Amino acid sequence: MSKLKRKDYEAQLEPLQLELAAMGRWLQHSGKRLMVIFEGRDTAGKGGAIGSISENLNPRQCHIAALSKPSEREAGQWYFQRYVPHLPAAGEIVLFDRSWYNRAGVEQVMGFAKPEQVKAFLKQAPVFEKLLVDDGILLFKYWLCCDQAQQEERFAERLNDPLKRWKLSPIDLQARAHYDDYTRAREAMLEATHTKHAPWTLVDFNDQRQGRLSLIRDLLSRLPDTEVAPAKLDFPPLKGKPAKERFGVLKPIGGKSGGKSGDKG
């Protein structure tokens with residue numbers, strides 16, 4: 001099946017980003033809290049999906065949580081504890097690039113968590129999420145799906161592209177041999193944590209552009225009417241001609257000035 005072309009993708013994305021901007025205004029106006037969890041296989045496209053949502057939102061309002069490996073102290077905490085400081089406050093959006101579901105995925109498959117820890121997590125996660133939802137947080141959970149052939153192609157791209165090489169880790173390469181193990185872990189996770197109060201939505205990301213559009217449309221469809229008019233601002237004309245920049249101590253680099261950083265004016 002042919003993939004969505006960039007031109008068509010951008011044409012479909014533009015009106016959705018206008019709706020996302022309206023969503024941001026609505027959250028600020030209503031004081032609601034929005035949290036979106038992005039999970040899925042390595043290379044599925046979590047970062048790109050998060051970027052397509054956040055790129056035109058106020059970074060003071062929209063936060064991306066991508067936690068690293070737990071510290072020694074965090075490893076001795078209640079499992080959910082280190083995620084709590086990243087929960088949204090009134091009017092905020094938090095996009096989790098992976099989440100507490102690491103325990104049901106990579107930690108389980110790669111042997112970083114004991115079976116009894118995984119069992120406890122699958123029992124506790126719905127309870128933890130019920131507390132969040134009952135307190136008014138709008139919680140959405142997305143699992144991004146891709147076939148192994150697509151995953152292999154993307155791994156190879158990361159390996160050969162110096163601009164994407166940072167995305168590839170030894171753990172990622174080890175995980176290649178566990179595609180079916182991740183499938184089994186995902187199914188067990190869905191069975192235990194796909195609840196009425198916090199359901200999962202699976203999105204086909206074999207075509208990442210189409211996947212982003214599908215995910216954003218689904219997210220927007222789950223929200224109430226978010227139409228809030230932008231605040232009116234008084235923007236009178238300047239009194240006189242626009243002023244030009246003047247420099248004394250230093251000159252800017254680039255442009256017509258041609259100055260080097262550090263040159264005195």
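As recorded in an unreviewed UniProt entry, the protein goes by the name ADP/GDP-polyphosphate phosphotransferase, listed as coming from Lysobacter yananisis. Looking at the Function (unreviewed entry) heading of the UniProt record, one finds this comment for the protein: "Uses inorganic polyphosphate (polyP) as a donor to convert GDP to GTP or ADP to ATP." Recorded in UniProt for the protein, the comment headed Sequence similarities (unreviewed entry) runs: "Belongs to the polyphosphate kinase 2 (PPK2) family. Class I subfamily."

(A) Focus on the pattern of salt bridges. On inspection of all chains with the given rule, the structure shows 13 salt bridges. The partner of Arg33 in a salt bridge is Asp135, with the nearest N and O atoms 3.1 Å apart. Here Arg33, found in strand β1 (residues 33-40), pairs with Asp135, found in the loop between α5 (115-134) and β4 (137-145); they are 102 residues apart in sequence, far enough to count as distant. In this structure Arg33 comes out as buried when scored by relative accessible area, which is 18%. Judged by relative accessible area, Asp135 falls into the exposed class, the value being 51%. Among the ionic pairs, Asp134 bridges to Lys130, the shortest N-O distance being 2.9 Å. Within this pair, Asp134 and its partner Lys130 are both found in helix α5, separated by four residues, close to a single helical turn. Residue Asp134 is classed as exposed on the basis of its relative accessible area of 53%. For Lys130, a relative accessible area of 35% corresponds to the partly exposed category. A cluster of three or more residues bridged by salt bridges with shared partners is formed by Glu39, Asp42 and Arg98.

(B) Representation of unusual backbone geometry. Unusually for a residue other than glycine, Thr43 sits at a positive phi of about 75°. Position of Thr43 relative to the elements: it lies in the loop between β1 and α2 (46-54). A relative accessible area of 3% places Thr43 in the buried class. The phi torsion at Arg98 lies on the positive side, around 70°, for a residue other than glycine. Its location among the elements puts Arg98 in the loop between β3 (93-97) and α4 (106-109).

How each quantity is defined
- Residues numbered from 1 in each chain as written.
- Predicted model: local features only at pLDDT ≥ 70, side-chain atom pairs only at ≥ 80, totals over all residues.
- Heavy atoms only, no water.
- UniProt positions renumbered as here; feature names shortened; annotations may be inferred.
- Salt bridge = Lys/Arg side-chain N within 4 Å of Asp/Glu carboxyl O.
- Helix = DSSP H or I, 4+ residues; strand = E, 2+ residues; numbered from the N terminus.
- Buried < 20%, exposed > 50% of the residue type's maximum accessible area, 1.4 Å probe, protein only.

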